[in-house]
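Report on the structure
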Amino acid sequence: MSTLQTCISPIDGSRYVIRELANQQHIQNTLSRAVLAQKSWRAKTIAQRATLCHKMIDAFVANKKAIGEELSWMMGRPIRYAQGEVAGMEERARHMIDIAEPSLATEKLAAKAGFTRYIKREALGVVFVIAPWNFPYLTAINAIIPALMAGNTVILKHSAQTPLCAERLSDACVAAGFPEGVFQYLHMSHAATSTVIQDQKIAHVCFTGSVAAGASIEKAAAGRFIGLGLELGGKDPAYIRADADLDYAVATVIDGAFFNSGQSCCGIERIYVDASIHDEFIKRACTLINSYTLGRSDDPDTTLGPMVKASAADFVRAQIGEAIERGAISHIDESAFAMSQAATPYLAPQLLSNVDHSMRIMTEESFGPVVGVQKVASDQQAIELMNDSEFGLTAAIFTSNIESGVALGEQLETGTFFINRCDYLDPGLAWTGVKNSGRGCTLSSKGYEQLTRPKSFHIKTL
């Protein structure tokens, strides 16, 4: 078995990063340091932790140009957008730092003669964060900052596709003056990752990835009775009502479908459009999609980069081909995108109409630059189709009637509901999913709850 981990760049198939996998001795030393460091870290005040966390973010942001270039080469995001993840991470991190004090505040109960009663939130211990490659900093920071601010220590296992992300975060912690062992990372195999989850030193696991991988995490943790935060993706829908601002809706949902080459768990993967505006929606959407430039992600003119690997692109090609065989209509001429080529990560964007839920393209997560558009005759039909999914991460409705939109949103089975927006995480709101989109919660004050435990104090005065 190889002891090396290799990141193959989707830009040109080159070996971009090679790292040695952690052996068992390294893993155990890392776990032991985390346990030891947590004893003194939890004793620090929230203000002291906040100072260090802000310094860590300062150090990280200072390297945004190099970090953007690394992202472009590791996972294929166009260089013109790559630094945007640094800005988004900073926004989330600073928000979670700033709300830590009220989120972790002691809850004092109403006065009762002869008693003092209150509930404190205590750190869990060592939090194991397993992060994906598609938004490697944004997804990781959702758990890392609240875990640290709550008094836990953190061990990060990043995707084999984006190993430099873990190292960049570690470097920032060192630059900020973090005590040894408070934040660490490990490059590990899947088998070693399962072993860590089973270790008694781990108190909580935060994972972002596929449903199948989430099931493996649950299996590894079985019988340990520890908390699991699982964000497992989606097949997120948007509904364009007849009263929507059509130009705005087209621009927003197409960006939500194709940004990051569609490789977003909360990206728009299926669109339902009122029959009265369906054809015009298709026309305007195709005009916008045809303006994209597919190319190398290190080219500043590129607006649509390669997918993360050829096998991922081939998976989407198969979904598209199957849908067309079943009667779907493709609206984008692939030959107009010169870089698009079979058996490579370079895949032309595609919009399909005349689709239905018998097709995988409308039910199975694509995670690529394709979207299906289905005509609907009513609000009720749209809601039924939007709910007809094993996933429930986000859902969006575009309408000029906010009151009606909210009423429809109440009927949707989703963790986050948008009106006139999509594909966005507001750090002030709880980020969660239903059904196979996972369980648990990050961001907002609610995000602190799964990374702490309540401890009740019941004091009788004699």
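Here is a short report on the structure shown in this document. Small disclaimer: the values here were computed from a predicted structure and weren't measured.

Describing the overall build of the protein chain
A tally of helices and strands in the protein chain yields 15 helices and 20 strands. On C-alpha atoms alone, the protein chain measures out to a radius of gyration of 23 Å, which is about the 23 Å that the 2.2 N^0.38 rule sets for 462 residues. Considered along the principal axes of its C-alpha atoms, the protein chain spans approximately 75 × 60 × 40 Å. Burial statistics for the protein chain: of 462 residues in total, 55% are counted as buried. Long-range contacts, defined as pairs at least 24 residues apart, comprise 73% of the intrachain contacts of the protein chain with a sequence gap of at least 6. Of the accessible surface of the protein chain, which amounts to about 19,100 Å², a share of 52% is contributed by carbon and sulfur atoms. When the 42 basic and 48 acidic side-chain charges of the protein chain are each reduced to a single mean position, those positions are 12 Å apart.

With respect to the packing of helix 2 (residues 46-61) against helix 8 (residues 163-176)
One way to put it is that helix 2 packs onto helix 8 with a least axis distance of 8 Å and a crossing angle of 125°. Taken as axis vectors, helix 2 and helix 8 run oblique relative to one another. The handedness of the crossing between helix 2 and helix 8 comes out as right-handed. Taken together, the residues of helix 8 that come into contact with helix 2 (itself represented by Leu 52, Lys 55, Met 56, Ala 59 and Phe 60) are Arg 168, Leu 169, Ala 172, Cys 173, Ala 175 and Ala 176.

What about helix 9 (residues 190-198)?
Those residues of helix 9 that fall on the buried side of the exposure criterion are Ala 192, Thr 193, Val 196 and Ile 197. Summarising the axial view, the buried residues of helix 9 lie within an arc of 145°, below the 170-degree limit, and thus occupy one face. Packed against the buried residues of helix 9 are helix 1 (24-41), strand 5 (126-131), strand 6 (153-158), strand 8 (202-208) and helix 10 (211-221).

Regarding the pairing of strand 17 (residues 416-419)
Because side chains alternate across strand 17, one face comprises the buried residues Thr 416 and Phe 418, and the other comprises Phe 417 and Ile 419, none of which is buried. Two strands pair when backbone bridges link them, and strand 16 (residues 394-398) and strand 17 are joined in this way by 4 bridges, in the parallel orientation. Residue pairing across strands places Ala 395 opposite Phe 417, the latter belonging to strand 17.

Looking at the nonpolar core
Of all hydrophobic cores here, the largest spans 64 residues; its most connected members are Ile 144, Ile 145, Met 149, Leu 156 and Phe 178. Contributions of two or more residues to this core are made by helix 1, helix 2, helix 3 (64-75), helix 5 (84-98), strand 5, helix 7 (136-149), strand 6 and helix 8. Of the residues forming this core, the biggest block, 10 residues, is contributed by helix 7. When near neighbours in sequence (up to four residues on either side) are disregarded, Ile 145 contacts Cys 53, Met 56, Ala 93, Met 96 and Ile 97.

Quick word on the side chain of Thr 153
Within the secondary structure, Thr 153 sits in strand 6. A relative accessible area of 0% places Thr 153 in the buried class. A polar side-chain atom of Thr 153 sits 3.0 Å from the main-chain carbonyl oxygen of Ala 34.

Calculation notes
Residues numbered from 1 in each chain as written. Predicted model: local features only at pLDDT ≥ 70, side-chain atom pairs only at ≥ 80, totals over all residues. Heavy atoms only, no water. Helix = DSSP H or I, 4+ residues; strand = E, 2+ residues; numbered from the N terminus. Rg over C-alpha atoms; globule rule 2.2 N^0.38 Å. Buried < 20%, exposed > 50% of the residue type's maximum accessible area, 1.4 Å probe, protein only. Contact = heavy atoms within 4.5 Å. Areas by Shrake-Rupley, 256 points an atom, 1.4 Å probe, with all protein chains shown as cover. Lys, Arg positive; Asp, Glu negative; His and termini not counted. Charge placed at Lys NZ, Arg CZ, Asp CG, Glu CD. Axes fitted to C-alpha atoms, helices over the stretch in contact; angles between N-to-C directions. Parallel < 35°, antiparallel > 145°, perpendicular 65-115°, else oblique. Left-handed = near helix turned anticlockwise from the far one by under 90°. Arc of directions from axis to C-beta. Pairing = 2+ DSSP bridges. Core = buried A, V, L, I, M, F, W, Y, C linked by side-chain atoms within 4.5 Å. Polar contact = N/O pair within 3.5 Å; in protein donor to acceptor, adjacent residues only side chain to side chain.

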